[in-house]
Amino acid sequence: MVAHPNGPRDPRVRHRRALRTASAAALAAPLALTAAAADGTEGRTASGLAPPASALVTDDPPGPTGGIDGDAVQYRLQHEVSDDARTASPQTDDATRVQEEDAGGTVRDRGASAQRLPGSPDARAAAGWEVRVDGGLGTAAIEPEEVAPNPEDDGSLSLARDLGLGAERRGITTDGVVGDGPHGSEGSATGDFDFYRVDAARGETLTVDLAPEGALAPNALLYDADGELLVGAQDMTGDGAVHLAQRLETGGTYYVAVGAYLPGDPTDPASGPGVVSEGPYSIDVTLHARGAADTDVYAVPLRRGDVVGASVSGGARQVAIHELDGDLVQSSASDPGPIYPDGSPLPRGGNATANHVVDRTGLHLVAVSDGAGDYELTVGAHRAPSARGAQEQTVLLDFSGPSFDNRVFGAAVTDPGVRDVSPMRDFLPRWGLTPADERAVVDATTALVRQTLRDEIPGSRVRVTNDREDPDLWGAPGVSRVIVGGTVAEAGIMPAFGLSESIDPGNFAREETAIVMPELMSGDHAASLDRFLTADSDRVQAVSQALGYTAAHEIGHFVGNFHTDDHDVGTSVMNTGNLLHMFAVGPDGVAGTADDDHVAMRTARYDRLQGISGVEDTVSRTAVALR
């Protein structure tokens with residue numbers, strides 16, 4: 001049976017995720033090990049979706065981030081969850097306290113069976129409110145049956161081992177090894193995966209618990225019968241353990257996969273991205289019959305412009321927020337609270353924390369699930385500053401190479417203190433530009449960020465400016481900045497394209513810092529924009545898109561957006577960047593041409609490996625933050 005370690009995981013075992021070089025075809029199929037660059041040369045693998053085979057173990061902290069900032073965000077979540085941070089929360093002692101009144105039910109009955117939490121939108125204080133619920137989940141524990149490990153090769157859907165779960169066997173426990181198959185480091189080195197088959201009925205709840213050992217940093221992945229990835233999970237706390245729980249809406253065959261990243265094609269055992277990390281693990285898989293996994297549902301009245309948070313501790317491991325019609329807004333099995341800003345009033349610090357920026361007045365539903373025994377649920381809603389008449393938000397793009405205190409980036413800092421970084425103009429020759437092009441790049445980048453965050457966001461009043469237009473603006477109230485310049489070493493933070501000070505649903509902290517570092521997207525780096533530049537490229541256009549969309553991504557974080565799924569229709573600013581979407585490369589595979597992609601804030605599914613699921617309306621979240 002899986003034992004869940006309490007001590008911190010050795011950060012040196014975190015794997016390196018470099019960034020993919022790819023042609024337009026590889027952008028659509030990102031898991032090939034190598035891809036032709038725009039100039040026809042073969043580039044080494046360079047995405048968080050496809051780390052190089054040499055990237056087995058790295059020093060602390062990990063190397064180039066998956067996507068724009070994905071590994072940096074995950075690393076902060078893991079290592080800023082200290083003993084103090086686990087209990088730190090802005091929750092107030094005078095919060096209204098209520099007792100669960102058998103709140104079991106469903107989010108599908110429009111709240112008819114949900115317990116109403118006290119108060120109404122009109123009766124609550126303008127600044128916000130908080131309710132604490134003492135409840136309990138009645139889910140009966142399943143004692144898993146020990147079974148023998150999978151024989152190899154078990155690296156695809158068709159090779160999966162049937163666990164035989166059902167009425168006679170509700171849970172299993174076994175051991176496995178990532179790396180012992182024919183595609184591990186001693187074989188083809190494309191990466192080893194272990195697949196397990198589960199046949200389930202509609203409404204049953206599947207749970208997976210992984211306890212890795214040694215250097216292994218695994219993902220737990222859940223696929224449907226067609227090989228569609230439904231949800232994934234990875235270590236989000238730093239203790240190494242991985243937990244996944246999913247209520248199955250349809251009956252049929254499902255597959256649980258264990259590996260150090262994602263296979264390119266779950267039907268092909270040789271389609272992995274390379275060896276990322278390897279080692280042994282223990283796994284528990286349980287299948288609760290329909291109705292056996294208890295869920296408590298609460299109804300909460302909310303107004304447009306509210307920012308609601310919910311955090312659960314104790315015997316529950318998942319909290320979800322739904323609209324009244326049952327549509328899932330956000331479900332969470334992790335706590336992103338450590339990277340909320342100090343100024344955020346939202347609840348945090350539990351086993352799971354969810355949030356929602358409300359765009360429609362009415363009842364919403366908060367559901368607690370995944371566990372057994374007593375829990376404490378905190379639900380709080382606060383008016384976004386924009387809904388309380390706060391002055392307009394200003395964003396300053398600073399290309400000048402300013403000094404800054406990098407400690408705002410928390411655990412992602414490798415060399416803390418006040419840092420001086422190179423100005424953006426120092427990187428222009430790396431893209432084949434000259435100092436004479438600086439003004440054009442600054443103007444085009446500023447215009448693109450302004451278009452993305454003001455012109456394309458309904459009601460947005462954000463002012464986007466730069467250090468040439470407003471050289472003395474930083475430090476004024478309501479001004480956040482994005483530093484555009486510097487190398488990783490100069491900034492003293494872990495490798496990334498960019499990084500934001502926080503993720504701030506509602507934009508409560510309005511004087512924050514983000515950074516976009518041109519180093520890794522220029523020159524001979526694996527994910528360099530140079531690989532997509534040819535004689536046909538308008539290089540000012542290409543560079544300003546790379547800088548502008550990366551800056552908009554980091555601003556998107558500090559106004560409250562999380563990562564979205566790279567594979568959804570349309571290209572969202574908040575995609576992870578694993579597919580290098582910020583380069584806006586169009587069908588011709590060349591950056592800076594007429595067919596370049598249009599990247600924008602879009603409604604999309606959350607990235608399925610960050611511990612939250614549902615659909616993020618990035619336009620609405622951004623609009624509420626910037627009105």
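Residues numbered from 1 in each chain as written. Predicted model: local features only at pLDDT ≥ 70, side-chain atom pairs only at ≥ 80, totals over all residues. Heavy atoms only, no water.

Engineer: Describe the overall build of the protein, listing the residues and the values that go with them.
Structural biologist: When helices and strands are tallied, the protein shows seven helices and 29 strands. Partitioning the contacts of the protein with sequence separation of at least 6, the portion at a separation of at least 24 is 79%. (Helix = DSSP H or I, 4+ residues; strand = E, 2+ residues; numbered from the N terminus. Contact = heavy atoms within 4.5 Å.)

Engineer: Please give an account of the sheet that holds strand 25 (residues 479-484) that cites residues and values.
Structural biologist: The strands that make up a sheet are held in pairs by hydrogen bonds between backbone atoms, and each pair lies either parallel or antiparallel. Within the open sheet, the five strands sit side by side as 24-21-25-27-26. Their pairing is mixed. Each edge of the sheet is formed by a strand with only one pairing partner; in this case those strands are strand 24 (463-466) and strand 26 (498-500). Here the strands of the sheet are splayed against their neighbours by 15° on average, with no regard to which way each runs. Alignment of strand 21 (residues 394-398) against strand 25, held across five bridges, turns out to be parallel. Among the inter-strand pairings, Leu397 is bridged to a residue of strand 25, identified as Val482. (Pairing = 2+ DSSP bridges. Axes fitted to C-alpha atoms, helices over the stretch in contact; angles between N-to-C directions.)

Engineer: Can you lay out the side chain of Thr576 for me, pointing to particular residues and giving the numbers?
Structural biologist: Position of Thr576 relative to the elements: it lies in the loop between helix 6 (539-558) and strand 28 (603-605). Overall, Thr576 belongs to the buried group, its relative accessible area being 4%. (Buried < 20%, exposed > 50% of the residue type's maximum accessible area, 1.4 Å probe, protein only.)

Engineer: Hey, could you go over the pattern of salt bridges for me, with residue numbers and the actual values?
Structural biologist: The full count for this structure, using the stated rule, is 27 salt bridges. Here Arg407 makes a salt bridge to Asp405, at a shortest N to O gap of 2.8 Å. Residue class for Asp405 comes out partly exposed when judged on its relative accessible area of 28%. Salt-bridge contacts for Asp565 lead to Arg605; the nearest nitrogen and oxygen are separated by 3.4 Å. With a gap of 40 residues between them, Asp565 in the loop between helix 6 and strand 28 and Arg605 in strand 28 connect regions that are remote in the sequence. (Salt bridge = Lys/Arg side-chain N within 4 Å of Asp/Glu carboxyl O.)

Engineer: So what about the packing of aromatic side chains? Which residues, and what values?
Structural biologist: For the structure on display, the rule yields five aromatic pairs. Ring centres of Phe497 and Phe583 lie 6.1 Å apart, and the angle between their planes is 50°; on these two criteria the pair is classed as tilted. Of the two residues, Phe497 is situated in the loop between helix 5 (488-491) and strand 26 and Phe583 in the loop between helix 6 and strand 28; the sequence distance between them amounts to 86 residues. Ring-pair connections join several aromatic residues into one group, and the members of that group are Phe497, Phe532 and Phe583. (Phe/Tyr/Trp six-rings, centres within 6.5 Å; stacked < 30°, edge-to-face > 60°.)

Engineer: Which residues make up helix 2 (residues 70-79), and what values go with them?
Structural biologist: Burial within helix 2 is extensive, with eight of its 10 residues counted as buried. Considered for burial, the residues of helix 2 that qualify are Asp71, Ala72, Val73, Gln74, Tyr75, Arg76, Leu77 and Gln78. In the core, the buried residues of helix 2 are packed alongside strand 12 (229-234) and strand 26.

Engineer: A description of the sheet that holds strand 12 should follow, citing residues and the corresponding values.
Structural biologist: Read from one edge to the other, the open sheet built from five strands follows the order 7-9-14-11-12, with strand pairing classed as mixed. Edge positions in the sheet fall to strand 7 (161-162) and strand 12, since each of these pairs with one other strand and no more. Note that strand 7 and strand 9 (residues 193-200) share two bridges and pair parallel. Opposite Asp162, over in strand 9, you have Arg197 as the bridge partner.

Engineer: Describe the confidence of the model for the protein, and please don't skip the residues or the numbers.
Structural biologist: Summarising the model, the protein shows a mean pLDDT of 85, and 84% of its residues fall at 70 or more. Overall, residues 82-88 carries pLDDT values under 50, and its contacts beyond four positions in sequence, including any with other chains, amount to seven contacts. (pLDDT = per-residue confidence, 0-100.)

Engineer: Mind laying out unusual backbone geometry, listing which residues take part and the relevant values?
Structural biologist: Here the residue pair Glu152 and Asp153 is connected by a cis peptide bond, since its omega of 5° sits within 30 degrees of zero. Here Asp153 is to be found in the loop between strand 6 (145-146) and strand 7. A positive phi angle is found at Ala189, which is not glycine, with a value near 65°. Positive phi outside glycine occurs at Ala584, with the angle close to 55°. Structurally, the position occupied by Ala584 is in the loop between helix 6 and strand 28. Here Ala584 falls in the buried class, since its relative accessible area comes to 1%.

Engineer: Could you give an account of the environment of Asp536, with specific residues and numbers?
Structural biologist: Following the sequence through the fold, Asp536 ends up in the loop between strand 27 (513-516) and helix 6. Here Asp536 falls in the exposed class, since its relative accessible area comes to 64%. Each C-alpha atom of the pair Asp536 and Thr593 lies 7.0 Å from the other, and the pair is 57 residues apart in sequence. Not counting residues up to four positions away in its chain, the partners in contact with Asp536 are Gly592 and Thr593.

Engineer: Can you explain helix 7 (residues 618-626)? Please cite residues and give values.
Structural biologist: For an α-helix, the turn length of 3.6 residues means that residues three or four places apart are oriented alike. In terms of residue burial, helix 7 counts as a mostly covered element, since eight of its nine residues are buried. Here helix 7 has its buried residues at Thr618, Ser620, Arg621, Thr622, Ala623, Val624, Ala625 and Leu626. In this structure, the buried residues of helix 7 make contact with strand 18 (328-332), strand 19 (352-357), helix 4 (438-455), strand 28 and strand 29 (612-617).

Engineer: How would you sum up the pairing of strand 16 (residues 296-302)? Please name residues and give values.
Structural biologist: Counting buried residues in strand 16 gives seven out of seven residues, a clear majority hidden from the surface. Direction of pairing for strand 4 (residues 115-116) relative to strand 16: parallel, over a ladder of two bridges. Following the sheet pairing, Gln115 is matched in strand 16 by Tyr298. In this structure, strand 16 lies alongside strand 20 (residues 362-383), joined through seven bridges in antiparallel fashion. Directly across from Val297, in strand 20, lies its bridge partner Ala367.

Engineer: Explain the packing of helix 4 against helix 6 to me, using residue names and the numbers behind them.
Structural biologist: Relative orientation of the contacting elements helix 4 and helix 6 amounts to 45°, with a least axis distance of 8 Å. Taken as axis vectors, helix 4 and helix 6 run oblique relative to one another. Judged by the twist between their axes, the crossing of helix 4 over helix 6 is right-handed. In contact with Ala440, Val441, Ala444, Thr445, Leu448, Val449, Thr452 and Leu453 of helix 4, helix 6 contributes Val540, Val543, Ser544, Gln545, Leu547, Gly548, Tyr549, Ala551, Ala552 and Ile555. The residue inventory of the contact of helix 4 with helix 6, partitioned by class, reads 13 nonpolar, five polar and no charged. (Parallel < 35°, antiparallel > 145°, perpendicular 65-115°, else oblique. Left-handed = near helix turned anticlockwise from the far one by under 90°. Nonpolar A, V, L, I, M, F, W, Y, C, P; charged D, E, K, R; others polar.)

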